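Structural features, examined
Below, each chain spelled out in residue letters.
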Amino acid sequence: MKRLFWLLLVAATLVGCAGVPSSSAPQAIGTVERPAPPSLPKPTPAMDPDTLLREFLKATADPANRHLAARQFLTESASRAWDDAGSALLIDNVVFTETRKPDRVTVSMRADILGSLSDMGVFETGEGALPDPGPIELVKTPEGWRIDRLPNGVFLDWQQFQDTYKRYTLYFADPTGRTVVPDPRYVAVSDPDLLATELVSKLVAGPRPELAKSVRNLLGPPLKLRGPVTRADGGKLGVGRGYGGARIDLENLSTTDPHSRQLLAAQIIWTLSRAGVNGPYVINADGAALDDRFADGWETSDVAATDPGAFPGAAAGLHALVGGSLVFLDGQRAPRVAGAFGQTPNQTAAAISRSGQEVASIVTLRPGAPDAAASLWVGPLGGAASQALDGRSLTRPSWGLDDAVWVVVDGNNVVRVIQDASGQPARIPVDSTQVSAKFPGEITELQLSRDGIRAAMVINGQVILAMVEQTPDGNYALTYPRRLGYGLRDTVVSLSWRTGDDIVVTRTDPQHPVSYVNLDGVNSDGPNRNLLMPVTVVAANPSTVYVADQRGVLQLSGAAAEDDPVWTEVRPLMVAGATPVLPG
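Residues numbered from 1 in each chain as written. Predicted model: local features only at pLDDT ≥ 70, side-chain atom pairs only at ≥ 80, totals over all residues. Heavy atoms only, no water.

Scanning all chains against the criterion turns up 33 salt bridges. As a salt-bridge pair, aspartate 402 and arginine 416 come within 2.8 Å of each other at their nearest N and O atoms. Placement of the pair is aspartate 402 in the loop between strand E19 (398-399) and strand E20 (405-409) and arginine 416 in strand E21 (residues 413-419), with a sequence separation of 14 residues. Of the residues examined, arginine 416 reaches a relative accessible area of 5% and is grouped as buried. Among the charged side chains, a network of salt bridges with common partners joins Arg104, Glu137, Asp148 and Arg149. (Salt bridge = Lys/Arg side-chain N within 4 Å of Asp/Glu carboxyl O. Helix = DSSP H or I, 4+ residues; strand = E, 2+ residues; numbered from the N terminus. Buried < 20%, exposed > 50% of the residue type's maximum accessible area, 1.4 Å probe, protein only.)

Spelled out as structure tokens, the structure:
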């Protein structure tokens with residue numbers, strides 16, 4: 001088995017869900033001039049109908065010029081009639097059934113759906129059989145067989161998709177301006193010197209629709225990209241490679257305040273840096289430097305405050321609930337924390353704030369009984385606690401960037417708890433009707449992403465992702481819910497965000513008690529050595545994953561052995577019933 005750190009980066013192939021892209025992937029359509037992807041097939045006179053159809057499905061991988069590469073397989077009339085707009089369905093295990101006449105063949109197609117690819121390059125996993133798209137007709141022409149009739153839409157061969165596309169991540173600013181938010185896209189650019197231009201063009205075009213109301217785009221209209229991205233010295237070869245850097249020329253800049261310009265630079269720098277396009281990044285707007293301090297180029301260190309991989313609460317260290325009270329790891333000891341959270345019994349779930357300074361904890365009386373009662377307590381780590389909420393049941397708390405605590409009351413009521421002007425807790429409902437309408441059932445876990453823009457939930461053992469959207473009246477709603485990780489089935493118990501793009505889950509599956517799933521919905525399985533079922537609570541950060549099994553708390557870090565990763569015991573926390581607690 002490959003090293004866990006590799007798995008955690010979710011560059012892994014899909015395990016348990018029909019093979020999803022790793023480093024291969026899809027693209028937003030045709031925003032820059034680019035050469036066609038390599039190895040795309042062309043029709044030849046010797047192709048029989050079955051072969052021609054399969055090669056056609058491969059050729060749809062190139063969206064340039066309204067799928068010109070694929071249109072070579074069509075008759076002129078079919079090309080005029082074919083509507084290739086909208087998302088492509090990614091299909092595998094294709095079976096054609098033919099009805100033949102001397103000069104015409106009618107074909108029906110069956111296939112498995114593995115996902116979809118939008119014209120913006122947004123990939124989402126899917127499952128199930130392809131609904132009957134209708135007949136496909138081929139005719140014999142002087143140049144060989146050609147498709148003369150086909151259903152509208154694009155069907156893309158799965159293997160060709162993996163061979164042609166690669167996954168990259170765009171970054172947009174969160175509403176508070178404190179960090180940047182990932183928006184993964186799949187891009188087919190065979191010339192590395194065009195990659196930076198393609199990615200910046202996509203930033204200018206904006207986020208995926210479901211993110212549009214949850215993030216800020218400092219590169220939005222009327223801003224434009226003036227010409228292609230070049231080397232820092234203006235050269236067109238070696239863009240972002242070696243020490244050549246990258247130069248981005250913008251026009252129509254309307255942003256004047258320094259902080260907004262810093263965020264604009266952060267969007268560009270993190271997008272290019274994470275794509276392997278190296279700095280320095282010379283960013284000009286309307287013929288002048290975006291910021292005179294960085295006229296010779298920006299580095300990632302100049303926007304470190306918005307680093308999407310940062311873990312602000314890391315200094316707080318690992319805590320745990322042991323015997324119903326909060327403890328902290330201190331070398332080979334795990335003493336109780338000072339104050340109320342170290343003394344209060346019957347605590348069943350807890351989370352430390354993003355700053356590492358506050359605690360939210362759930363106290364549960366008579367758990368599992370008909371008269372069970374739960375309450376939420378909030379206060380400074382090491383200090384006093386105040387009761388903020390009660391109910392029959394409460395989920396593990398999750399902290400937002402604004403220091404609001406999110407919990408689910410009695411399985412279906414999502415609530416934010418904040419301190420009002422008097423210092424008292426205010427309980428504000430979150431509109432979750434879109435979630436309950438599409439995925440009815442009890443919400444047993446809700447955790448906010450580190451940027452606060454997404455909420456991952458466990459409903460009926462499945463991972464459900466929703467956007468966190470602030471409404472015009474200042475309240476919040478969970479919008480655009482969708483399922484992640486079809487290969488996880490309905491086995492998920494607990495989840496935790498490792499990064500803004502990567503979720504770790506524990507499961508009831510004894511063969512795969514820990515798995516990972518990313519924003520695309522791609523799931524992969526983690527190591528299981530030295531875990532004893534049941535594996536329950538998970539808490540993760542970018543470097544380490546902690547889980548609770550029947551003996552106590554174990555960890556898996558990026559330093560795990562590459563060929564033989566194994567869960568190691570956190571000795572002071574090896575107490576039955578102990579659960580890990582981290583900021584988040």
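From this point, things continue past the structure.
Turning our eyes to something else, we now look at the packing of aromatic side chains. Summed over the entire model, instances satisfying the criterion amount to 10 aromatic pairs. Taken together, a centroid distance of 6.3 Å and an interplanar angle of 65° make the contact between phenylalanine 56 and phenylalanine 73 edge-to-face. Linking phenylalanine 56 in helix H2 (residues 49-59) with phenylalanine 73 in the loop between helix H3 (64-71) and helix H4 (76-81), this pair joins segments that are 17 residues apart in sequence. You'll find phenylalanine 56 and phenylalanine 73 in the same group, each marked buried. Between the aromatic rings of phenylalanine 161 and tyrosine 165, the centroid separation amounts to 5.6 Å while the plane-to-plane angle is 35°, which identifies the pairing as tilted. Assessed through its relative accessible area of 3%, tyrosine 165 is described here as buried. Taken together through their ring pairs, the aromatic side chains of Phe123, Trp158, Phe161, Tyr165 and Tyr186 make up a single cluster. (Phe/Tyr/Trp six-rings, centres within 6.5 Å; stacked < 30°, edge-to-face > 60°.)

A separate point is the sheet that holds strand E16 (residues 358-365). Here 4 strands make up an open sheet; going across it, the order is E15-E16-E17-E18 and the pairing antiparallel. Two strands bound the open sheet, and with one partner strand each, they are strand E15 (347-352) and strand E18 (386-391). Within this sheet the neighbouring strands show an average axis-to-axis angle of 20°, counted without direction. With 5 bridges connecting them, E15 and E16 associate as antiparallel partners. Bridging from a neighbouring strand, glutamine 347 pairs with valine 363 of E16. (Pairing = 2+ DSSP bridges. Axes fitted to C-alpha atoms, helices over the stretch in contact; angles between N-to-C directions.)

Every α-helix winds through 3.6 residues per turn, so residues three or four apart in the chain are directed the same way. Between the first and last C-alpha of helix H6 (residues 192-205) there are 21 Å, a value that for 14 residues agrees with the 20 Å anticipated at 1.5 Å per step. Counting buried positions over the 14 residues of H6 gives 12, a clear majority of the element. Among all positions in H6, only Asp193, Leu194, Leu195, Ala196, Thr197, Glu198, Leu199, Val200, Ser201, Lys202, Leu203 and Val204 are buried. In this structure, the buried residues of H6 make contact with strand E7 (166-173), strand E8 (180-187), strand E9 (224-225), strand E10 (246-251) and helix H7 (258-274). Among the residues of H6, the N-terminal cap falls to aspartate 191, whose side-chain oxygen and the backbone nitrogen of aspartate 193 are separated by 3.0 Å. Once H6 finishes, glycine 206 follows within two positions and takes phi at roughly 105°, a positive value. (Expected span 1.5 Å × (residues − 1). Contact = heavy atoms within 4.5 Å. Polar contact = N/O pair within 3.5 Å; in protein donor to acceptor, adjacent residues only side chain to side chain.)

Let us now look at H7. Taking 1.5 Å of rise per residue, 17 residues should cover 24 Å, and H7 covers 24 Å from first to last C-alpha, within 8% of that figure. Three or more residues of H7 are buried, namely Ser260, Leu263, Leu264, Ala265, Ala266, Gln267, Ile268, Ile269, Trp270, Thr271 and Leu272. At its buried positions, H7 is contacted by E7, E8, H6, E10 and strand E11 (281-285). A positive backbone phi angle near 85° is found at glycine 276, which sits one or two residues after H7.

The next point concerns the side chain of serine 260. Along the chain, serine 260 falls in helix H7. Serine 260 gets classed as buried once you look at its relative accessible area, which sits at 8%. Those residues within four positions of serine 260 in sequence are excluded, and the remaining contacts are Arg216, Leu218 and Thr255.

Moving on: the pairing of strand E27 (residues 492-499). Along E27, 7 of the 8 residues are buried, which leaves the element largely enclosed by surrounding structure. Looking at chain direction, E27 and strand E28 (residues 502-507) are connected through 6 bridges and run antiparallel. Bridging from a neighbouring strand, serine 496 pairs with valine 504 of E28. Here E27 folds back onto E28 in antiparallel fashion, the turn holding 2 residues.

For the rest of this paragraph, the subject is the nonpolar core. Ile248, Leu264, Ile268, Leu272, Ile283 and Trp298 are the most contacted members of the largest nonpolar core, which has 59 residues in total. No other element matches the 8 residues that H7 contributes to this core. Sequence-distant contacts of isoleucine 248, that is, excluding residues within four places in its chain, are made with Val200, Leu225, Val229, Ile268, Leu272, Val282, Ile283 and Asn284. One finds Leu53, Leu114, Phe155 and Ala188 within the second-largest nonpolar core, a separate group that totals 42 residues. (Core = buried A, V, L, I, M, F, W, Y, C linked by side-chain atoms within 4.5 Å.)

In the case of a regular strand, side chains alternate between the two sheet surfaces. With burial as the criterion, only one face of strand E22 (residues 425-429) is covered, namely that bearing Ala426 and Ile428; the residues Pro425, Arg427 and Pro429 on the opposite face remain uncovered. Where E21 lies against E22, 5 bridges are found, and the strand directions are antiparallel. Among the inter-strand pairings, glutamine 419 is bridged to a residue of E22, identified as proline 425.

Where the residue is not glycine, phi is negative for most of them; where a peptide bond is considered, it is trans in most cases. Of the consecutive residues proline 221 and proline 222, the connecting peptide bond is found in the cis state with omega at 10°. By the secondary structure assignment, proline 222 is in the loop between H6 and E9. A cis amide bond links glycine 279 with the next residue in sequence, proline 280, at an omega value of 5°. Tracing the backbone through its elements, the reader meets proline 280 in the loop between H7 and E11. A positive phi angle is found at asparagine 93, which is not glycine, with a value near 55°. Relative to the helices and strands, asparagine 93 is located in strand E1 (residues 88-100). One non-glycine residue with positive phi stands out, namely asparagine 252, at about 65°. Structurally, asparagine 252 is set in the loop between E10 and H7. Under the relative-accessibility criterion, asparagine 252 is labelled partly exposed at 35%.

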